[in-house]
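Chain by chain, the residues:
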Amino acid sequence: MWIYVKLLVLLLIDEAENHLHPKWQKTFLNSILEIFPNLQIIASTHSPFIVSSVENAKVFVCKSMINNSIIVDETAQYSNKPIEEVLLSDVFNTERFNQEITHKKTKIEAQLKSINPTYFSYFDIEKMMQELVEK
C-alpha cells in the first residue's frame, strides 16, 4: 500500500522588485516557477512589471481606509493584463502624458464631445467598460 502526501511549499517575497532591473522583474517569478513548478509564491510589490509577469496570477490589493486597511481581490482588473494597462490603472495612478499634455487632451476631448456627443462618445469607453463590469 502506497500513501502519497502532497506538500505545499510556500515562498513569501516582500518587495519582489527591489534591486531588480525592470527586465528582470518581468522574468523573476516565472524563473522561480520554472525551477519549482509546484511552488506557491506570495509576493508584495509596487511594480507593475511584477504584477503583470505571471499568467493567471491572483492579484490582491491593499487599500488604505481611514482607520484600517483592507485586502481586495482585484484579479479581474490586473491578472493577464499588459504592463501598460496595469501601469495606467487606478492602483498606480499614472498618466500617459505629462500633466500639461493630459490637461490639454482632456480639454480638447470635452470640446469635441460638446460639438458632437454621439460621434465622440468613444472618449468615454473606459468609463462605459467599467460600468458594464460593475453591473
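Here, the structure is the one placed above.
Sequence positions are assigned chain by chain, starting from 1 and proceeding in written order. Predicted model: local features are reported for residues with pLDDT of at least 70 only, side-chain atom pairs are reported and counted for 80 or more only, and whole-chain, interface and lining totals are derived from all residues. For side-chain calculations, the full set of non-hydrogen atoms in the structure is used, while hydrogens and water are omitted.

Novice: Would you mind going over the overall build of the protein chain in detail, with residue names and values included?
Specialist: Secondary structure counts use DSSP, requiring at least four H or I residues in a row for a helix and at least two E residues in a row for a strand, with both numbered from the N terminus. Within the protein chain, the secondary structure is distributed over 6 helices and 4 strands. Relative to the globule expectation of 14 Å for 135 residues, the C-alpha radius of gyration of the protein chain, 20 Å, shows a markedly less compact shape. Along the first, second and third principal axes, the C-alpha atoms of the protein chain reach 75 × 35 × 35 Å. Burial classification: accessible surface area is computed with a 1.4 Å probe over protein chains only, and a residue below 20% of its type maximum counts as buried, one above 50% as exposed, and the rest as partly exposed. Taking all 135 residues of the protein chain together, 19% fall into the buried category. Contacts: residue pairs with any heavy atoms within 4.5 Å of one another. The long-range share in the protein chain, meaning contacts at least 24 apart out of those at least 6 apart in sequence, stands at 44%. Entry remark: accessible area of the protein chain is about 11,300 Å², with carbon and sulfur atoms responsible for 59%. His is not counted, nor are the chain ends; Lys and Arg add positive charge and Asp and Glu add negative charge. Throughout, a charge is located at the NZ atom of Lys, the CZ atom of Arg, the CG atom of Asp or the CD atom of Glu. Taken together, the 13 basic and 17 acidic charged side chains of the protein chain have centroids lying 4 Å from each other. Values of the radius of gyration come from C-alpha atoms, whereas the globule rule sets the reference at 2.2 Å times the count of residues to the power 0.38. Here, Shrake-Rupley sampling with a 1.4 Å probe gives the accessible areas, and only protein chains in the shown set may cover a residue.

Novice: How would you summarise the layout of surface pockets if you had to cite specific residues and measurements?
Specialist: A cavity here means a set of points on a 1 Å grid, drawn over the protein atoms and nothing else, where a 1.4 Å probe fits but cannot get out; a pocket is an open set with protein on both sides within 12 Å along at least five of seven lines, and a residue lines either one if it has an atom within 4 Å of a point. Grid points are joined across faces, edges and corners, and a volume is the space filled by probe spheres set on the points. In this model, the largest pocket occupies a volume close to 1,300 Å³. Around the largest pocket, the lining comprises 31 residues; the ones closest to its centre are Leu 88, Ser 89, Asp 90, Glu 126 and Lys 127. Of all elements in the fold, only α3 (75-78), α4 (83-87), α5 (99-115) and α6 (125-134) reach the threshold of two or more residues within the lining of the largest pocket. In terms of residues, the lining of the largest pocket owes the most to one element, α6, which gives 6 residues. Residues are grouped as follows: Ala, Val, Leu, Ile, Met, Phe, Trp, Tyr, Cys and Pro are nonpolar; Asp, Glu, Lys and Arg are charged; every other residue, Gly included, is polar. Considered class by class, the residues forming the lining of the largest pocket number 11 nonpolar, 7 polar and 13 charged. If you add up the space inside the second largest pocket, you get close to 880 Å³. In this structure, the second largest pocket is lined by 24 residues; those nearest its centre are Ala 43, Ser 44, Lys 58, Val 59 and Phe 60. Of all elements in the fold, only α1 (22-35), β2 (39-43), α2 (48-51) and β3 (60-64) reach the threshold of two or more residues within the lining of the second largest pocket. Looking at side-chain class alone, the lining of the second largest pocket contains 18 nonpolar, 4 polar and 2 charged residues.

Novice: Now, about unusual backbone geometry: what can you tell me, with residues and values included?
Specialist: The phi dihedral of His 19 is positive, around 65°, even though this residue is not glycine. In this fold, His 19 is placed in the loop between β1 (9-13) and α1. Positioned with a positive phi, Asn 56 is a non-glycine residue whose angle comes to about 60°. The class of Asn 56 is exposed, set by a relative accessible area of 57%.

Novice: Tell me about the pattern of salt bridges, and name the residues and values.
Specialist: Whenever Lys or Arg places a side-chain nitrogen within 4 Å of a carboxyl oxygen from Asp or Glu, that contact is recorded as a salt bridge. Counted according to the given criterion, the structure contains 6 salt bridges. Here Lys 63 ties to Glu 74 by a salt bridge, and the two come within 2.6 Å at their closest N and O atoms. Of the two residues, Lys 63 sits in strand β3 while Glu 74 sits in the loop between β4 (69-73) and α3, which places them 11 residues apart along the sequence. Using a relative accessible area of 33% as the deciding quantity, one classes Lys 63 as partly exposed.

Novice: Any chance you could break down the side chain of Ser 89 for me, citing the residues and the numbers?
Specialist: Among the structural elements, Ser 89 can be located in the loop between α4 and α5. With sequence-adjacent residues up to four places away left out, Ser 89 is seen in contact with Tyr 78 and Thr 94.

Novice: Account for the pairing of β1, with residues named and values stated.
Specialist: In this sheet, β2 lies alongside β1 in parallel orientation, the contact comprising 5 bridges. Looking at the pairing, Leu 11 lines up with Ile 41 of β2. Handedness is read with the strands pointing away from the viewer; a crossover is right-handed when the path from the first strand over the helix to the second is clockwise. A crossover links β1 with its parallel partner β2, the connecting element being α1, and its sense is right-handed. Any two strands with at least two DSSP-identified bridges between them are counted as paired.

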